[in-house]
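An overview of the molecular structure
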Amino acid sequence: MASFSTTAYGQAGKPKGKSTFTVRLMNLESSTKEPFRYSASLKNGSGRTEIYALGAMAPAGWTSIFRVDGSQVAGLRLDSGLTQEISVELTAAPATQPGKYKVPVMAVGENDTLRLELEAVVKGNYGLELSTPTGRLSDDITEGSKKRIEMTVKNTGSLPLEGVELSAQAPVNWSATFEPSKIERLEPGQTKTLTAILNVPDKTIAGDYVTNFTARNDAANSTATFRMTVKTSLLSGWLGILVILLSLGIVYYLIRKYGRR
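Residue numbers restart at each chain and count upward from 1, following the sequence in its written direction. The predicted origin of the model limits local features to residues at a pLDDT of at least 70 and limits the giving and counting of side-chain atom pairs to 80 or more, whereas totals for whole chains, interfaces and linings rest on all residues. Just so you know, side-chain values use all the structure's heavy atoms and leave hydrogens and water out.

1. Here's the deal with the sheet that holds strand β17 (residues 182-186)
- Strand order across the open sheet formed by five strands is β13-β20-β19-β15-β17, with mixed pairing between neighbours. Of all the strands in the sheet, the pair left with one neighbour each is β13 (138-142) and β17. Strand-to-strand twist of the sheet, defined as the mean angle between neighbouring strand axes without regard to direction, takes the value 30 degrees. Think of it this way: DSSP has to see at least two bridges between two strands before they count as a pair. Each helix corresponds to a stretch of at least 4 residues labelled H or I by DSSP, and each strand to a stretch of at least 2 residues labelled E; elements are numbered beginning at the N terminus. Only the stretch in contact is used when a helix axis is fitted, and all axes are lines through C-alpha atoms; the angle between N-to-C directions ranges over 0 to 180 degrees.

Below you can see the structure in the form of structure tokens.
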């Protein structure tokens, strides 16, 4: 347990007690997307009520948050002889390189300054991007047919990704499959290409439809929204025209036959 303490003196020069600032675990490991959470204890042994300002000398781009009883605070009032549990949360900047970082944390009172030196071990970050080779996320298709869409999955983080699975949320009665449907391992900066096969049922009304493709594993996920414009097939169009012409012919026949009566 790391700690820092000071001894306070009364007017006669006799020690009144010892103020301490301690932490249970001073060294924690996390990625840049997850905060480092430390459990600290602040004891006021000064013999008088103290108001402590809390602060952290974190690297540029990092954020620090102090919580007491679940509420975020910048300082606290502590009566003599009492101890207060404090949660310290440090979040690394997204571009932070993997490594060990020392972060001094202080509780500054009127009569003393208590200091802790925390260690944050950044193990990297996870990132995933799902798109297409050209970046285009739209196309057209004829109802009753299928479309093969080339897609790319890129590891944009600094840590490898294991077991990246592909899925799709398509319109009602549509179906989507992937070749392959799972990427076993994706190294940092690596891009892999796959094929999404979208099936559009017969008699789908012409118009724009949206399908959400998703790549995910336990650490990261990415969604690409793909817009597909459905067009009526040529055969369906001619059949429609024939039906219209046949209907007009029947009406004309009925008028010629019964209209004179």
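2. Comments concerning the nonpolar core
- Buried residues of nine kinds, namely Ala, Val, Leu, Ile, Met, Phe, Trp, Tyr and Cys, make up a nonpolar core once their side-chain atoms join them within 4.5 Å. Think of it in three bands: residues with accessible area under 20% of the maximum for their type are buried, residues over 50% are exposed, and the middle band is partly exposed, with areas taken using a 1.4 Å probe on protein chains only. In this structure, Phe21, Phe36, Tyr38, Leu42, Ile86 and Val88 are the most contacted members of the largest nonpolar core, which totals 27 residues.
- Of all elements in the fold, only β2 (15-23), β4 (36-43), β5 (50-56), β6 (63-68), β8 (75-78), β9 (83-91), β10 (99-108) and β11 (113-122) reach the threshold of two or more residues within this core.
- Not counting the four nearest positions on each side in its chain, phenylalanine 36 is found in contact with Leu28, Glu29, Ser30, Val88, Glu89, Leu90, Ala92, Ala120, Val121 and Val122.
- Counting 24 residues, the second largest nonpolar core, distinct from the first, contains Val164, Phe213, Ala220 and Met228. It only takes one pair of heavy atoms within 4.5 Å for two residues to be counted as in contact.

3. Some points on the sheet that holds β10
- Read across the sheet, five strands follow the order β3-β11-β10-β5-β8 without closing on themselves; strand pairing throughout is mixed. Here the strands that pair on one side only, and so sit at the sheet edges, are β3 (27-30) and β8. If you compare each strand with its neighbour and ignore which way they point, the axes differ by 25 degrees on average.
- As judged from the four bridges shared by β5 and β8, these two strands associate in the antiparallel manner. Its bridge partner being in β8, tyrosine 52 is matched across the sheet by leucine 76.

4. Some words on the pattern of salt bridges
- Salt bridge, as applied in this entry: a Lys or Arg side-chain nitrogen positioned within 4 Å of an Asp or Glu carboxyl oxygen. Going through the model one piece at a time under the given rule, you end up with nine salt bridges.
- As a salt-bridge pair, glutamate 179 and arginine 148 come within 3.0 Å of each other at their nearest N and O atoms. One end of the pair, glutamate 179, is in strand β16 (residues 175-179); the other, arginine 148, is in strand β14 (residues 146-155), with 31 residues separating them in the sequence.
- Salt bridges sharing partners connect three or more residues here, namely Arg37, Arg67 and Glu89.

5. Remarks on the packing of aromatic side chains
- Pairing of aromatic rings covers Phe, Tyr and Trp, the last through its six-membered ring, and needs centres within 6.5 Å; plane angles under 30 degrees mean stacked, over 60 mean edge-to-face, and all others mean tilted. This model, assessed by the stated rule, comprises five aromatic pairs.
- On the basis of an interplanar angle of 5 degrees and a centroid distance of 6.3 Å, the ring pair of phenylalanine 36 and tryptophan 62 is categorised as stacked. Of this pair, phenylalanine 36 sits in strand β4 while tryptophan 62 sits in the loop between β5 and β6, and the two are 26 residues apart along the sequence.
- Residue classification places tryptophan 62 among the buried positions, given a relative accessible area of 10%.
- Residues phenylalanine 213 and phenylalanine 226 carry aromatic rings whose centres are separated by 6.2 Å and whose planes lie at 70 degrees to one another, so their mutual orientation is edge-to-face. Linking phenylalanine 213 in strand β19 (residues 207-216) with phenylalanine 226 in strand β20 (residues 221-231), this pair joins segments that are 13 residues apart in sequence.
- Taking relative accessible area as the criterion, phenylalanine 213 reaches 1% and is therefore assigned buried.
- Cluster of aromatic residues (ring-pair linked, three or more members): Phe36, Trp62 and Tyr101.

6. Quick notes on the confidence of the model for the chain
- Per residue, pLDDT measures the predictor's confidence, with a range of 0 to 100. For the chain, the average pLDDT comes to 87, and 84% of its residues sit at 70 or higher.
- Predicted confidence is poor over residues 3-15, with pLDDT under 50, and the contacts of this stretch with residues over four places away or in other chains come to 33 contacts.

7. A closer look at unusual backbone geometry
- In this chain, glutamate 179 is followed by proline 180 through a cis amide linkage whose omega measures -5 degrees.
- As for its placement among the helices and strands, proline 180 is situated in the loop between β16 and β17.
- The residue aspartate 69 is not glycine, and still its phi comes out positive at about 55 degrees.
- Along the chain, aspartate 69 turns up in the loop between β6 and β7 (71-73).
- A positive phi angle, close to 75 degrees, is found at asparagine 173, a residue other than glycine.
- Within the fold, asparagine 173 resides in the loop between β15 (161-169) and β16.
- On the basis of relative accessible area, asparagine 173 is assigned to the exposed category, the value being 64%.

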